[in-house]
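In case you want the letters, here they are:
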Amino acid sequence: MAAKMLCAYYDKSCNSRELFADLEIASHPSFEEHLNKYPVIYLDLSEFVMQFHETDVVDILDKRLREDVLLIGNCR
C-alpha cells in the first residue's frame, strides 16, 4: 500500500492532487514541487515470483523489463 501511495504521489503519468488534498502532506511546502513530477516504474513482484518460483526469476524479470522499456521507447 505504501509503495502504491508513493507511486501515486510522484508519478507524472497521473494527476493525484485530489487523492492527497485532505492529507497533511498537502500542506507541506514541497508538496507542489514533487507532486506528479517524475517518471515512475512500479513493479509488483508478488505474483511474478509465485508464477516462476522454480526458474530464475531475475533473468526472466530482466528480459521482460527490457522488452517493456524497448516497447515504450518505440511508441514515442
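Residues numbered from 1 in each chain as written. Predicted model: local features only at pLDDT ≥ 70, side-chain atom pairs only at ≥ 80, totals over all residues. Heavy atoms only, no water.

Draft legend 1. Molecular detail of the packing of aromatic side chains. The final tally for this structure, using the stated rule, is 4 aromatic pairs. Centroid distance Tyr-9 to Tyr-10: 4.7 Å. Interplanar angle 85°. Geometry classified as edge-to-face. A relative accessible area of 32% places Tyr-10 in the partly exposed class. With centroids separated by 5.5 Å and ring planes inclined at 80°, the aromatic side chains of Tyr-9 and Phe-20 adopt a geometry described as edge-to-face. Linking Tyr-9 in helix α1 (residues 2-10) with Phe-20 in helix α2 (residues 17-20), this pair joins segments that are 11 residues apart in sequence. Pair check on accessibility: Tyr-9 and Phe-20 agree, each one buried. A network of ring pairs unites the aromatic residues Tyr-9, Tyr-10, Phe-20, Phe-31 and Tyr-38 as a single cluster. (Phe/Tyr/Trp six-rings, centres within 6.5 Å; stacked < 30°, edge-to-face > 60°. Buried < 20%, exposed > 50% of the residue type's maximum accessible area, 1.4 Å probe, protein only. Helix = DSSP H or I, 4+ residues; strand = E, 2+ residues; numbered from the N terminus.)

Draft legend 2. Seen up close, the side chain of Asp-11. With respect to the helices, strands and loops of the structure, Asp-11 is situated in the loop between α1 and α2. No salt bridge is formed by the buried Asp-11; its nearest oppositely charged neighbour, Lys-12, is found at 7.9 Å. Of the polar contacts made by the side chain of Asp-11, one reaches the backbone nitrogen of Ser-13; its length is 2.9 Å. With residues up to four places along the chain from it excluded, the contact list for Asp-11 reads Asn-36, Tyr-38 and Val-40. (Lys, Arg positive; Asp, Glu negative; His and termini not counted. Salt bridge = Lys/Arg side-chain N within 4 Å of Asp/Glu carboxyl O. Polar contact = N/O pair within 3.5 Å; in protein donor to acceptor, adjacent residues only side chain to side chain. Contact = heavy atoms within 4.5 Å.)

Draft legend 3. Representation of unusual backbone geometry. One non-glycine residue, Asn-36, lies in the positive phi region at around 55°. Tracing the sequence through the fold places Asn-36 in the loop between α3 (31-34) and α4 (46-51).

Draft legend 4. Quick look at the nonpolar core. Formed by Ala-8, Tyr-9, Phe-20, Phe-31 and Leu-35, the largest nonpolar core amounts to 5 residues. Leave out the neighbours within four places in its chain, and Phe-31 touches Tyr-9, Arg-17, Phe-20, Ile-25 and Ala-26. (Core = buried A, V, L, I, M, F, W, Y, C linked by side-chain atoms within 4.5 Å.)

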